[in-house]
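Take a look at the letters that make up each chain.
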Amino acid sequence: MLNRNIKKIWIPFISFIWLIWILLSAQKRLAQFFPPAGSVLNGDAQHTYLPAARGLLAAPWHFLTKDQLSYNVAPLGYLWPALWSADPISIQIANCALFLACVFLMWYCGYRLAGWVAGMASSYLLVFHPTIVYYAPHVLTESLYLFGLLVLITAVIEYALTPRLRKVCAGFLAFGLTVTLLTRPILQFFTVGILALLIFAGIYWKYAAKTADIKKITICRQLSTALIMALALPILVIIKNGTYFNVWSIGTGAGTGIYYGVSPLKAGLEPVFSGFAYDAGAIAGTVAPQTKGNPLALESDQINRRVALEIIKNTEFSDNIRFFGYKLKSWLLYSTPELLGEPGLRPFRIFEWIAILTATFIFIKHRIKQRRETEIQSTDDNNTSRALLFFPLLLMPFAMAVQLTPILYNDRYNLYSMEPWIILACGVSLGIIFKPSWSIQENPYSNIRWVVSRIAIVGLLITLPPAITKYSIRHEEWGMDPHRPGPTSVIFNNARFGTMTAVGATQAYKDTWVLEESPAKLRIPLPSHNYDTLSHYMVLDMLWRMRFSLAPAPNASSSCKKVNISLTNSHQVRPGFRTSTEIDTKPDGALHTYAIFGNYQLRPAGEGFLEATFNCPKGSKVTWSAIELLQNTIPQAADAFIKHGTPINVYRRENPQ
């Protein structure tokens, strides 16, 4: 009786109160990040979404058939803003409303899959995620994509759990999937693959199986119809783009995204993380000047795709494995630069994975126990349906990460392509972990064991994420391979630099210095040169390569391995993002070659000194071998490759001399 009253009265009441509170909290979070009136819009909104929406409103047919902006971005990128008259404030308010709807849908999905705890956990993780809410009230497509995705997931859950509403659910499934495909078509390959499997399964169960399974055939037919309906509008867009612009896709940008995603200079991450520029436009402008450096133009996209594939082709297999392995880890755990720039992301993601792994173990153990205790196994009850939904939910983040590995990594893509799946999986996992599997009629020792085990799990969830993150901050390294920076040419070789001096160190031999203070600096005079020719207008990307050894004194801390590089006469720091100027060294006493960006605060503006600062204990030794300043020549290499077939050499195997 008590359990029945809890289920019928108290759980709905608690859930209702929770929904009110979490929606109010989401509203406060949205208000916190809502852009002030007159603030500068995001670059994508300013240069793509709003101009496209205004073009559509001004002359719809001309825009759709003549203006390249109509294929530079997926259709809802301009249709959604146009619905609100391309007014930024109206769009921002509408995006906030969509995000509030997403909070409700996330709660509902969790609740339906694993009960009220899962619903509360899922919605809480979405609202109080360190960063995901930040993008919701901006003039971007993130809220719209998230809304479509959660409508899709809700429809799939209800289709599995409510057979009498399957036709309605199939319609909502088609609607949600259509929204995602027309906003950000990253589910297109999954959709086509699943559709092919459903058609094959339907044919098998109708013709090849010993007896036709009407129920399975009906499910395959309904879901196939829903997917075909979802693909209808995207296919029409592809036909329109192909007919009028010879662009046989929903939009351009994939080639440019792949180029950035495989760029060895930028480690496949957002260029600002490593201090480099967005050079896809420079590549296109050099190879095909008629593109005017627009990276979203059709020809630019094709050029950048060819360059990207050439980079992969000319990279050794082991280097590709190492490179893409790091990219995969970034998608699953967030990238190394974000450890410092967004310190809350990594512990949040680690918390999610610990909860998911723990719940998976408990879930499998519980299912095995059920099978042992039950001879007759039902395959169509709600518990079985939930079980069948749980594992695909766990697999989707990994499938998405594999698909996104070759693509440019940035936080927005991770937050909205990966995080919704992981948040829901984590919320469901917490629902599984903290769902009481005992009652007052059972052995009290079993109840005590359940409580103690959950206290232990809570302890792990609280302590492990920050501990692992702190360890990662101390030990995790990243950056370009100094021997695989992509095509480069020498601006200053070692012979052009002046004689090294030191502050806080004494010279033991010709090239060896003993550090007497902490910090200590080694100072290298920059050569005489017309530095106006090295401005950012003249040279897009530069990088430093240096070769030295570091032998720390005994009992050196981990900070000793990080060497800070600076210039006494440099250009200004990049506005909006300060890239780390530290090099992670190998303090083993052997010579190693290191590389770091040569832009902004590390781009020489005139004569002065390059300073390497060491935070090592007294008695540590540094042997300096050589230094050089290089220029990134990928635009010239791409031009030679496209026009003359010259292979792109991504390696610089020789050490600085």
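Conventions we followed
Counting of residues starts from 1 at the beginning of each chain's written sequence and follows it residue by residue. Only residues with pLDDT of 70 or above have their local features reported here, since the model is predicted, and side-chain atom pairs are shown and tallied only from 80 upward, although totals for entire chains, interfaces and linings are computed over all residues. Side-chain numbers here rest on the full set of heavy atoms in the structure, without hydrogens or water. Helix and strand assignments come from DSSP, with helices taken as H or I runs of at least 4 residues and strands as E runs of at least 2, each series counted from the N terminus. Between the two quantities, the radius of gyration covers C-alpha atoms and the globule rule is 2.2 Å times the number of residues to the power 0.38. Partly exposed residues are those whose accessible area sits between 20% and 50% of the maximum for their type, while under 20% is buried and over 50% is exposed, using a 1.4 Å probe and protein chains only. The contact criterion used throughout is that any non-hydrogen atoms of two residues lie within 4.5 Å. In this description, accessible areas are obtained by the Shrake-Rupley approach with a 1.4 Å probe, and a residue is regarded as covered only by the protein chains that are shown. Lys and Arg are tallied as positive, Asp and Glu as negative. Neither His nor the chain termini are counted. Every charge is mapped to an atom, namely NZ of Lys, CZ of Arg, CG of Asp or CD of Glu. Directions pointing from the helix axis toward each C-beta atom define the arc. Here, a disulfide means two cysteine sulfur atoms that sit within 2.5 Å of each other. In this description, strands pair whenever DSSP reports at least two bridges between them. What counts as an axis is a line fitted to C-alpha atoms, over the stretch in contact for a helix, and the angles between N-to-C directions run from 0 to 180 degrees. Surface patches are defined over residues having more than 30% relative accessible area and no salt bridge, joining like charges when they lie within 9 Å and nonpolar side chains (Val, Leu, Ile, Met, Phe, Trp, Tyr) when within 5 Å. Should a side-chain nitrogen of Lys or Arg be within 4 Å of a carboxyl oxygen of Asp or Glu, the pair is scored as a salt bridge.

We now examine the overall build of the protein chain. Tallying secondary structure elements over the protein chain gives 23 helices and eleven strands in all. In terms of overall dimensions, the protein chain is globule-like: its C-alpha atoms have a radius of gyration of 28 Å, near the 26 Å expected for 657 residues. The principal-axis extents of the C-alpha atoms in the protein chain amount to approximately 85 × 70 × 55 Å. When each of the 657 residues of the protein chain is scored for burial, the buried share is 52%. Excluding contacts between residues fewer than 6 apart, the proportion of contacts in the protein chain whose partners are at least 24 apart in sequence is 78%. Accessible surface, the protein chain as shown: approximately 30700 Å² in total, 63% of it carbon and sulfur. For the protein chain, the distance from the average position of its 58 positive side-chain charges to the average position of its 39 negative side-chain charges is 9 Å.

Spacing of three or four residues puts side chains on the same side of an α-helix, whose turn is 3.6 residues. The complete set of buried residues in helix α15 (residues 280-287) reads Ala280, Gly281, Ile283, Ala284 and Val287. For α15, the angular spread of the buried residues around the axis is 160 degrees, confining them to a single face.

Within helix α5 (residues 76-83), six of the eight residues are buried, which leaves the element mostly enclosed by the surrounding structure. Looking only at α5, the buried set comprises Leu76, Gly77, Tyr78, Trp80, Pro81 and Ala82. Structurally, α5 contributes buried residues whose contacts are with α2 (43-58), α3 (60-66), α4 (69-72), α6 (88-114), α9 (142-161) and α10 (166-183). Positive backbone phi, approximately 60 degrees, marks serine 85, located one or two places after α5.

Take the state of the cysteines next. The tally for this structure, following the rule as stated, stands at one disulfide. Sulfur of cysteine 220: no disulfide; nearest cysteine sulfur belongs to cysteine 169 and is 17 Å away. Take cysteine 426: it sits in no disulfide, and the sulfur closest to it among the cysteines is that of cysteine 109, at 15 Å.

Our focus in this paragraph is the sheet that holds strand β8 (residues 582-584). Hydrogen bonds along the backbone pair up the strands of a sheet, which may run parallel or antiparallel. Taking strand neighbours across the sheet as the criterion, the five strands line up as β2-β5-β10-β7-β8 in an open arrangement whose pairing is antiparallel. The sheet is open, and its two borders are formed by β2 (501-503) and β8, each paired with just one other strand. Taken over all neighbouring pairs, the strand axes of this sheet differ in orientation by 25 degrees on average, direction set aside. Relative to strand β5 (residues 520-525), β2 runs antiparallel, the two being bridged by three bridges.

Our next topic: the pairing of strand β10 (residues 609-614). Counting buried positions along β10 gives five out of six residues, so the element sits mostly inside the fold. As judged from the six bridges shared by β5 and β10, these two strands associate in the antiparallel manner. In the strand pairing of β10, arginine 523 is matched with glutamate 611. As defined by bridge partners, strand β7 (residues 562-567) adjoins β10 across five bridges and the pair is classed as antiparallel. Across the sheet, residue asparagine 564 finds its bridge partner in β10, namely threonine 613.

For serine 15, the location among the structural elements is in helix α1 (residues 2-33). Aside from chain neighbours lying at most four places away, what touches serine 15 is Trp107, Tyr111 and Trp116.

Of the consecutive residues serine 518 and proline 519, the connecting peptide bond is found in the cis state with omega at 5 degrees. In this structure, proline 519 sits in the loop between β4 (512-515) and β5. Unlike most non-glycine residues, tyrosine 334 shows phi in positive territory, near 75 degrees. Tracing the chain through its elements places tyrosine 334 in the loop between α17 (317-333) and α18 (337-341). Note on tyrosine 334: relative accessible area 1%, which makes it buried. Positive phi outside glycine occurs at tyrosine 600, with the angle close to 55 degrees. Within the element layout of this structure, tyrosine 600 appears in the loop between β9 (592-597) and β10.

A separate point is a nonpolar patch on the surface. A contiguous nonpolar surface patch, about 880 Å² in accessible area, is contributed by Ile9, Trp10, Phe13, Ile14, Phe16, Ile17, Ile20, Leu24 and Trp116. Along the polypeptide, isoleucine 17 turns up in helix α1.

With the rule as written, the count across this model stands at 20 salt bridges. Its salt-bridge partner being arginine 412, residue aspartate 44 comes within 3.1 Å of it at the nearest N-O pair. A residue pair is termed long-range when its members are at least 10 positions apart, and aspartate 44 in helix α2 and arginine 412 in helix α21 (residues 411-433) qualify at 368 residues. Relative accessible area serves as the criterion here: at 31%, aspartate 44 is assigned to the partly exposed category. Judged by relative accessible area, which is 10%, arginine 412 ranks as buried.

The values are spatial; any link to function lies outside them.
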